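Reading the structure
This is what each chain is made of:
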Amino acid sequence: MKGKLITGISPSYELNWTDQRTAVSVFPPAVADVNGEYFFISGFAEAENYYAVTVSSMAEALDLSVSVHGRISMTELANISCICIKLNINHSSLNVFALYNIKGRQNFQTLEAVPSYPEPLKKYLRTKDIPLKVLAIFNKLNDTCKTYVADTLASKDMSVGDFRNLVNILFDMMPTISPEDLNGDVLKNLSAKKDAARLDFTAKFAALADGLPLNVTSLDNFETGRLTFSFTAESAEEFCNKITSAGSKMSEIQKIYGFLDEQDIS
C-alpha cells in the first residue's frame, strides 16, 4: 500500500497489539490515517517522521498492522481480540483469526481471559502453541490450581503434551484435590487418585444397575447424565415381560440418576 512521509503528528497507540517482541525494522514507524486520525501500525515508537498510509476503517488499519508482522503468539492474538472488543471491530473482518482457525464466541471468550493470566503462563504462551480448548479448561480451574500451574511453569519448561495433561488432570480432580496432592509428582499423584475414584464410581454404578432387567450404559463415558437402556428379547412375550419388569423398577432407576447427580454428572 502506497503512503507518504509526514511529520508533526502524535499517533495513537490504540492499535498496539504487540507483546514483548522486537520492533519490526521499519524506519520511520508506520501509521494509518483513519478519517484524519493517526494510529501506529508498526514500529510503535515516537519519531520525527512517520510513514503514513490512508485506510478506510479501524478494522483495515488493524488488519494491515498484523499483516506486516510475522508469527503471532497466543498472547498477541488475545491482545488483538481485546482491541476488537474495545473498538467494536468485528472479529470476522480480520484475516488473522481465520488464519489461525479461531472462530466462535466461545473461543474469543477464552482469548479474552489471556491478558489476565499470571506472567509465567503468558511467557509460556509466547513460545508454545497451546490449543484454545486447553486454555478454556484452564480458565475453569480454581485459584489454587491456576497458581500451581503458574508456579510449575515458572520453575521448569513443560512440553505442550505435559501442559495439556496437567491442566486436564487438575480439572478432572479439582473437587477432591488436597494440598498433599500438589506435592511431588502431581501427575502421578492425581492419576492414581483418579484411577481409584474411577474404580469406586464404576463399582457403585454397577451395583445400582445390577438389579435392573436392562443393560445400562453411558455412550459418552459419563461426560453427561445421558444413559442408554437396552435389552434383548427372543419373543414378543419376553419383550413384554421385560418392559413390565422395567416399569416396576422406577425407584432403582431414580437412585441411578440420583447417584449421577451426586457426582455432578448431568
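Each value, and the rule that gives it
Residues numbered from 1 in each chain as written. Predicted model: local features only at pLDDT ≥ 70, side-chain atom pairs only at ≥ 80, totals over all residues. Heavy atoms only, no water. Helix = DSSP H or I, 4+ residues; strand = E, 2+ residues; numbered from the N terminus. Rg over C-alpha atoms; globule rule 2.2 N^0.38 Å. Buried < 20%, exposed > 50% of the residue type's maximum accessible area, 1.4 Å probe, protein only. Areas by Shrake-Rupley, 256 points an atom, 1.4 Å probe, with all protein chains shown as cover. Lys, Arg positive; Asp, Glu negative; His and termini not counted. Charge placed at Lys NZ, Arg CZ, Asp CG, Glu CD. Arc of directions from axis to C-beta. Contact = heavy atoms within 4.5 Å. Axes fitted to C-alpha atoms, helices over the stretch in contact; angles between N-to-C directions. Parallel < 35°, antiparallel > 145°, perpendicular 65-115°, else oblique. Left-handed = near helix turned anticlockwise from the far one by under 90°. Phe/Tyr/Trp six-rings, centres within 6.5 Å; stacked < 30°, edge-to-face > 60°.

Quick look at the overall build of the protein chain
Tallying secondary structure elements over the protein chain gives eleven helices and six strands in all. For the protein chain, the C-alpha radius of gyration of 27 Å lies well beyond 18 Å, the compact-globule estimate for 266 residues. C-alpha extents for the protein chain along the principal axes are approximately 90 × 50 × 25 Å. Out of the 266 residues in the protein chain, the part that is buried amounts to 38%. Accessible area for the protein chain stands at about 15300 Å²; split by element, carbon and sulfur atoms hold 51% of it. Here the protein chain holds 25 positive side-chain charges and 32 negative ones, and the gap between their average locations is 3 Å.

Regarding helix α4 (residues 105-113)
Along α4, the residues classified as buried are F108, T110 and L111. Burial along α4 is one-sided: seen end-on, the buried residues are contained in an arc of 155°.

Focus: the environment of I256
With respect to the helices, strands and loops of the structure, I256 is situated in helix α11 (residues 250-262). In this structure the C-alpha to C-alpha distance between I256 and T7, which are 249 residues apart in sequence, comes to 75 Å. For I256, the contacting residues outside a window of four places in its chain are F205, L208, A209, L212 and L227.

Describing the packing of helix α7 (residues 143-155) against helix α8 (residues 160-173)
Across the interface, α7 lies against α8 with an axial gap of 11 Å and an inter-helix angle of 160°. In terms of their interaxial angle, α7 and α8 are classed as roughly antiparallel. The two elements α7 and α8 cross, and the hand of that crossing is right-handed. Of the residues in α8, those in contact with C145, Y148, V149 and L153 of α7 are F163, L166 and L170.

So, the packing of aromatic side chains
All told, the structure shown has twelve aromatic pairs when counted by the stated rule. Arranged with centres 5.9 Å apart and planes meeting at 65°, the rings of F40 and Y50 form a pair that is edge-to-face. With a gap of ten residues between them, F40 in strand β3 (residues 37-42) and Y50 in strand β4 (residues 49-55) connect regions that are remote in the sequence. Look at F40 and you get buried, because its relative accessible area is 0%. Classification of Y50 by relative accessible area gives buried; the value is 2%. Arranged with centres 6.2 Å apart and planes meeting at 15°, the rings of F201 and F205 form a pair that is stacked. Within this pair, F201 and its partner F205 are both found in helix α9 (residues 186-209), separated by four residues, close to a single helical turn. Assessed through its relative accessible area of 8%, F205 is described here as buried.

Some remarks on helix α6 (residues 132-139)
Residues L132, V134, L135, A136 and F138 constitute the buried set of α6. In this structure, the buried side of α6 is in contact with α2 (74-86), α4, α5 (119-125), α7 and α8.

By themselves, these are just geometric observations and shouldn't be taken as functional.
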